[in-house]
Amino acid sequence: MVNKESGEQVKGTWLVDWAKMINKYIKDHPDQKDRLKDFLTAEDLQELKVMILPGTKYPYAFFRRLGRAVFYIVAQGNLQATRLFGRLLMKNLLQTYKNMLTVGNPIESAKKLVDYHKLCFINVVSKTNVIKVGEKSITISLTLTEADKKFEEAATALAWQLGGQFEELVTQAGAQNVKLQISKTPDNNYEYSLEWE
């Protein structure tokens with residue numbers, strides 16, 4: 001499953017926690033394993049039995065399928081739970097990528113996540129970009145792939161999870177009373193508006 005060729009790829013960093021969630025679900029609900037077949041291929045399920053490596057590149061299609069499985073099976077379609085997953089994933093990410101956090105500078109930290117996102121999604125249209133920066137605010141866009149947009153609920157879940165990641169990152173950087181607004185744009189992409197005190 002590891003991507004040795006070019007094409008749409010994503011680094012395992014973005015898959016590790018999802019893989020743990022699905023494996024825990026399989027362990028806790030062995031009788032429900034067949035539900036995963038609605039989202040994951042037999043090859044995907046085999047891949048999940050092996051350790052997902054943060055620095056390894058995987059097919060973006062695998063990332064998309066795994067994300068859908070986490071949203072529908074683990075989060076049970078709940079967007080608030082998905083946003084909280086995003087916060088948890090950021091906490092885990094910061095244990096490995098400590099330099100993403102600039103303590104006392106939420107804006108710089110958010111910009112680092114935008115840059116990091118671009119590095120981890122290789123040959124993928126899905127990108128984040130900083131649109132506007134204020135003294136205690138930042139607006140970021142998320143552009144999705146056309147394939148992502150075909151699975152509207154899963155695309156929304158991805159957007160909310162990433163929103164949670166930005167929310168957690170600026171909070172850890174020192175932002176207080178963070179207000180996160182996630183908006184869908186007319187072209188079915190997303191925009192994050194973060195403000196804090």
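Residues numbered from 1 in each chain as written. Predicted model: local features only at pLDDT ≥ 70, side-chain atom pairs only at ≥ 80, totals over all residues. Heavy atoms only, no water.

**Section: the overall build of the protein**
Within the protein, the regular secondary structure consists of seven helices and seven strands. Along its sequence from the N terminus, the protein presents helices and strands in the succession β-α-α-β-α-α-α-β-β-β-α-α-β-β. In summary, the protein has a C-alpha radius of gyration of 16 Å against a globular reference of 16 Å for 197 residues, a match within 12%. Dimensions of the protein along its principal axes, counting C-alpha atoms only, are 50 × 35 × 35 Å. For the protein, buried positions account for 49% of its 197 residues. In the protein, once contacts between residues fewer than 6 apart in sequence are set aside, the share between residues at least 24 apart is 66%. Carbon and sulfur atoms provide 50% of the accessible area of the protein, an area that totals close to 9900 Å². The positive charge centre, built from 27 side chains, and the negative charge centre, built from 23, are 4 Å apart in the protein. (Helix = DSSP H or I, 4+ residues; strand = E, 2+ residues; numbered from the N terminus. Rg over C-alpha atoms; globule rule 2.2 N^0.38 Å. Buried < 20%, exposed > 50% of the residue type's maximum accessible area, 1.4 Å probe, protein only. Contact = heavy atoms within 4.5 Å. Areas by Shrake-Rupley, 256 points an atom, 1.4 Å probe, with all protein chains shown as cover. Lys, Arg positive; Asp, Glu negative; His and termini not counted. Charge placed at Lys NZ, Arg CZ, Asp CG, Glu CD.)

**Some thoughts on the packing of aromatic side chains**
In the structure shown here, the tally under the stated rule is 11 aromatic pairs. Taken together, Trp14, Trp18, Tyr60, Phe63, Tyr97, Tyr116 and Phe121 form an aromatic cluster joined through their ring pairs. (Phe/Tyr/Trp six-rings, centres within 6.5 Å; stacked < 30°, edge-to-face > 60°.)

**Focus: the sheet that holds strand β4 (residues 127-134)**
Ordered in space as β4-β5-β7-β6, the four strands form an open sheet in which the pairing is antiparallel. Two strands bound the open sheet, and with one partner strand each, they are β4 and β6 (179-184). Each adjacent strand pair in this sheet contributes to an overall mean axis angle of 20°, direction not counted. Relative to strand β5 (residues 137-143), β4 runs antiparallel, the two being bridged by seven bridges. What sits directly across from lysine 127, in β5, is threonine 143. Contacts from helix α7 (residues 152-172) reach β4, β5, β6 and β7 (190-195), with the element oriented near 25° to β7. (Pairing = 2+ DSSP bridges. Axes fitted to C-alpha atoms, helices over the stretch in contact; angles between N-to-C directions.)

No statement about biological role is implied by the geometric values presented.
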